[in-house]
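# Descriptive analysis of the structure
So you can see what is in the structure, the chains are spelled out below.
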Amino acid sequence: MTLRVVFASQKGGVGKSALARSLAVVFAEADWRVLIADFDVEQLTCVGWQARRLANEIQPELEVLSFKSPKRMDKVRSRYDVVVEDGPGYADKHTATLASAAHAVFLPTGVTIDDLRPTLALADQLVAAGVKAKDIAIVLARTGRSERQEADARGYLRPFGYQVIGPTWPQKDGFAAALGSGRAGREAASPALRTAAEELDQAMLDFVASRKRFPRKLPAPRGRRA
């Protein structure tokens, strides 16, 4: 049985692919056979990231393939222990199909109303398409400029009933540099950023573990603190 985790969004630039890559590296560090399925065929963000990772000989290795449809991914999915599915920057006709078959669905979002509203709209659309609300978690990204803004975002989301992950993805130049060199957030040069990424990775793993039963024990993120 292949574990499937989906990252989806209704807007680009909210950290979706960054979070997908960081979680994928957690599994690769634990020697799982990992595939990042890149469904953003216009941008191919994860495909380009893997090319930089290979060029810089960064370990652990993991596979990244692009797909235009879930059916194409289904042909190879059984070869892997976990598939981290990175959806397009804007939800499309395949998003609900991917989410319906996943063990967990993460919706990264910025903290402004302009980001939160479409994120909630996407969550509602997925539930209407048959995804269980308890299998969806919202992740706050691009945070760090204002604690009040983050608190307001959590307050705005609270009445809608979707789980919101505790740790956030800060908007930091160090994360951008890590991704640009083929590394994940948890492999950033700064110990503080590595710690932030590891805490978020653990929270996402905890959410996956709390959802549908999976026969294999999930990995504990391997700390890389200096």
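In the block above lies the structure referred to throughout.
Described in the following lines is the structure provided in the data block. Note that this is a predicted model, so its numbers are computed, not measured. (Residues numbered from 1 in each chain as written. Predicted model: local features only at pLDDT ≥ 70, side-chain atom pairs only at ≥ 80, totals over all residues. Heavy atoms only, no water.)

## Things to note about the packing of helix α1 (residues 16-29) against helix α8 (residues 191-210)
Running from N to C, α1 and α8 cross one another at 80°; their axes reach a closest spacing of 10 Å. Our classification of the angle between α1 and α8 gives roughly perpendicular. Contacts between α1 and α8 involve Leu-19, Ser-22, Leu-23, Val-26 and Phe-27 on the former and, on the latter, Ala-197, Leu-200, Asp-201, Met-204 and Leu-205. Classifying every residue of the contact of α1 with α8 gives eight nonpolar, one polar and one charged. (Axes fitted to C-alpha atoms, helices over the stretch in contact; angles between N-to-C directions. Helix = DSSP H or I, 4+ residues; strand = E, 2+ residues; numbered from the N terminus. Parallel < 35°, antiparallel > 145°, perpendicular 65-115°, else oblique. Contact = heavy atoms within 4.5 Å. Nonpolar A, V, L, I, M, F, W, Y, C, P; charged D, E, K, R; others polar.)

## So, the packing of aromatic side chains
Evaluated as defined, the whole model comprises six aromatic pairs. With a centroid separation of 5.9 Å and an interplanar angle of 45°, the aromatic rings of Tyr-156 and Phe-160 are classed as tilted. Assessed through its relative accessible area of 28%, Tyr-156 is described here as partly exposed. Judged by centre distance (4.1 Å) and plane angle (15°), the rings of Trp-169 and Phe-175 are stacked. Both residues of the pair, Trp-169 and Phe-175, count as buried. (Phe/Tyr/Trp six-rings, centres within 6.5 Å; stacked < 30°, edge-to-face > 60°. Buried < 20%, exposed > 50% of the residue type's maximum accessible area, 1.4 Å probe, protein only.)

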